[in-house]
Amino acid sequence: VLRAYLASLSESGIASIFNDGREVTAVVSQGGEISLFMTINRLHSSTHANYCAVLRDITQWKKTEAELRDAIKNAEESSAQKSEFLARISHELRTPLNAILGFSDVMRSERFGEIGNPQYLGYANDIHQSGTHLLSLINDLLDLSKVEAGKLELNFASVDLRSIVDECFALMQEQAMAARVVMRKSLPADLPHVVADFRSITQILLNLLSNAIKFTDPGGQVIVSARVLKSGELVFKIKDTGIGMDKAQLETALEPFKQVDTPKRGQRPGTGLGLPLTKALTEANRAQFSISSEKKKGTLVEITFPTTRVLAD
């Protein structure tokens, strides 16, 4: 290594200009080995070719590097095992849950005759609602585990955000009316299409609209807008006039399975997966997720599609 290093310094080519040093192993007097980083520079002299060598002991650094590499490997293996477990348990739970939903739907619709006691009918409705909520949680768990494992199958195509907004508004209208929240949209007629996965973009918007309505008091508004920046990026915004969050609550809301503690949390059930899953799905679509919030002033979520994902007219 030393001879090759000196040879490169003696040359007048590019190797002598980019002198980046060498890693070498030294044998110590006790019979062991240590890692060294060696840097040599040529000293210009009129009579002799002199060199200055600097050797630094990097044994501890190499040990730390190896420990960090092992820690990353263990963390990745643990994450993969967790994601695989979530995917398996989600699939196993779906089969009996679909049976519960199907039979409870048959009972609450009284397809084979009337249910004599109205209390039983109420129980059937409760079973179906609880099962629907559980199925939604399982689907979120499955999607999140797939994103983390890099196994979420996305079908990238030209997506019209205006049509997705219209579809989601129609689906969320009943929830907004029940909460007495006004939904508004401000989208330019010439809004370009983006390259994205239709299903996951729809899920992203439904999650954000549901959250915005859930955490906005009666009389409030939820506004969806979009525009193309001068740089060519497309910014998609969902803003509400809801209860908002401070910095600590916002950090909590972005962690899976954690929920923000609010005075009205009891009236606003959730799973703690909405925002983390939305962020993960956004990044899976090669877009950037940004959220800002202020107590009693509402929340703003911005999804920015880079120029490479925006289709010109």
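Below is a summary of the structure that appears in this document. (Residues numbered from 1 in each chain as written. Predicted model: local features only at pLDDT ≥ 70, side-chain atom pairs only at ≥ 80, totals over all residues. Heavy atoms only, no water.)

Some points on the pattern of salt bridges
- By the definition in use, this model includes nine salt bridges.
- The partner of glutamate 283 in a salt bridge is lysine 279, with the nearest N and O atoms 2.7 Å apart. Pair noted here: glutamate 283 and lysine 279 are both in helix H8 (residues 274-284), with a separation of four residues, about one helical turn.
- Given a relative accessible area of 28%, lysine 279 falls into the partly exposed group.
- Residues glutamate 294 and lysine 297 are paired through a salt bridge, measuring 3.5 Å at the closest nitrogen-oxygen approach.
- Relative accessible area serves as the criterion here: at 55%, lysine 297 is assigned to the exposed category. (Salt bridge = Lys/Arg side-chain N within 4 Å of Asp/Glu carboxyl O. Helix = DSSP H or I, 4+ residues; strand = E, 2+ residues; numbered from the N terminus. Buried < 20%, exposed > 50% of the residue type's maximum accessible area, 1.4 Å probe, protein only.)

Notes on empty space enclosed by the protein
- One pass over the structure, following the stated rule, counts one cavity of 30 Å³ or more.
- Of the voids in this model, the largest cavity is the one considered here, and its volume is about 60 Å³.
- Contributing to the lining of the largest cavity are Leu161, Ile164, Ile201, Ile204, Leu205, Phe236, Ile303 and Phe305.
- Elements represented by at least two residues in the lining of the largest cavity include exactly helix H5 (161-179), helix H6 (198-214) and strand S10 (298-305).
- Here the lining of the largest cavity gets three residues from one element, more than from any other, and that element is H6. (1 Å grid on protein atoms, 1.4 Å probe; cavity = no way out; pocket = protein on both sides within 12 Å on 5 of 7 lines; lining within 4 Å. Points joined across faces, edges and corners; volume = space filled by probe spheres on them.)

Some details on the packing of H6 against H8
- Between H6 and H8, the least distance of the axes is 10 Å, while the angle of their chain directions is 150°. Here H6 is positioned roughly antiparallel relative to H8, judged by the angle of their axes. The two elements H6 and H8 meet at a crossing, and its hand is left-handed. On H8, the residues touching Ser200, Gln203, Ile204, Asn207, Leu208 and Asn211 of H6 are Gly274, Leu275, Leu277, Thr278, Leu281 and Thr282.
- Residues of the contact of H6 with H8, tallied by class, amount to five nonpolar, seven polar and no charged. (Axes fitted to C-alpha atoms, helices over the stretch in contact; angles between N-to-C directions. Parallel < 35°, antiparallel > 145°, perpendicular 65-115°, else oblique. Left-handed = near helix turned anticlockwise from the far one by under 90°. Contact = heavy atoms within 4.5 Å. Nonpolar A, V, L, I, M, F, W, Y, C, P; charged D, E, K, R; others polar.)

Focus: the packing of aromatic side chains
- One pass over the full model with this rule turns up one aromatic pair.
- Residues tyrosine 120 and tyrosine 123 carry aromatic rings whose centres are separated by 6.5 Å and whose planes lie at 55° to one another, so their mutual orientation is tilted. Remark: tyrosine 123 and tyrosine 120 occur in helix H4 (residues 118-149); sequence separation between them is three residues, near one turn of the helix.
- For tyrosine 120, a relative accessible area of 54% puts it in the exposed group. (Phe/Tyr/Trp six-rings, centres within 6.5 Å; stacked < 30°, edge-to-face > 60°.)

Considerations on the environment of leucine 250
- In this structure, leucine 250 sits in helix H7 (residues 247-253).
- When sequence neighbours within four positions are dropped, the list of residues in contact with leucine 250 reads Met245, Ile291, Ser292 and Ser293.

A closer look at helix H1 (residues 2-10)
- Buried within H1 we find Tyr5, Ser8 and Leu9. Looking down the long axis of H1, one finds its buried residues gathered within 100° of arc, a one-sided arrangement. Along H1, exposed side chains directed more than 90 degrees from the buried face belong to Arg3 and Ala4. (Arc of directions from axis to C-beta.)

Thoughts on the packing of H5 against H6
- Remark: H5 packs on H6, axes separated minimally by 10 Å, with the N-to-C direction vectors making an angle of 30°. By the criterion of interaxial angle, the relationship of H5 to H6 is roughly parallel. Crossing hand, H5 versus H6: right-handed. Contacts between H5 and H6 involve Leu161, Ile164, Val165, Glu167, Cys168, Phe169, Leu171, Met172, Gln175, Ala176 and Ala179 from the former and Phe198, Ile201, Thr202, Leu205, Leu206, Leu209, Ser210, Ile213 and Lys214 from the latter.
- When grouped by side-chain class, the residues that make up the contact of H5 with H6 number 15 nonpolar, three polar and two charged.

What to know about unusual backbone geometry
- Residues other than glycine seldom take positive phi values, yet arginine 180 does so here, at roughly 55°.
- Checked against the element boundaries, arginine 180 lands in the loop between H5 and strand S5 (182-186).
- We classify arginine 180 as exposed; its relative accessible area is 59%.
- In this model, lysine 296 sits at a positive phi of 65°, which is unusual for a non-glycine residue.
- Looking at the element boundaries, lysine 296 is found in the loop between strand S9 (288-294) and S10.
- Lysine 296 sits in the exposed class, given a relative accessible area of 76%.

Overview of the sheet that holds strand S8 (residues 234-240)
- The strand order across the open sheet built from five strands is S5-S7-S8-S10-S9, with neighbouring strands paired in mixed fashion. Of all strands in the sheet, those bounded by a partner on one side alone are S5 and S9. The mean inter-strand angle of the sheet, taken between neighbouring strand axes irrespective of direction, is 15°.
- Contacts from H5 reach S5, strand S7 (221-228), S8 and S10, with the element oriented near 170° to S5. (Pairing = 2+ DSSP bridges.)

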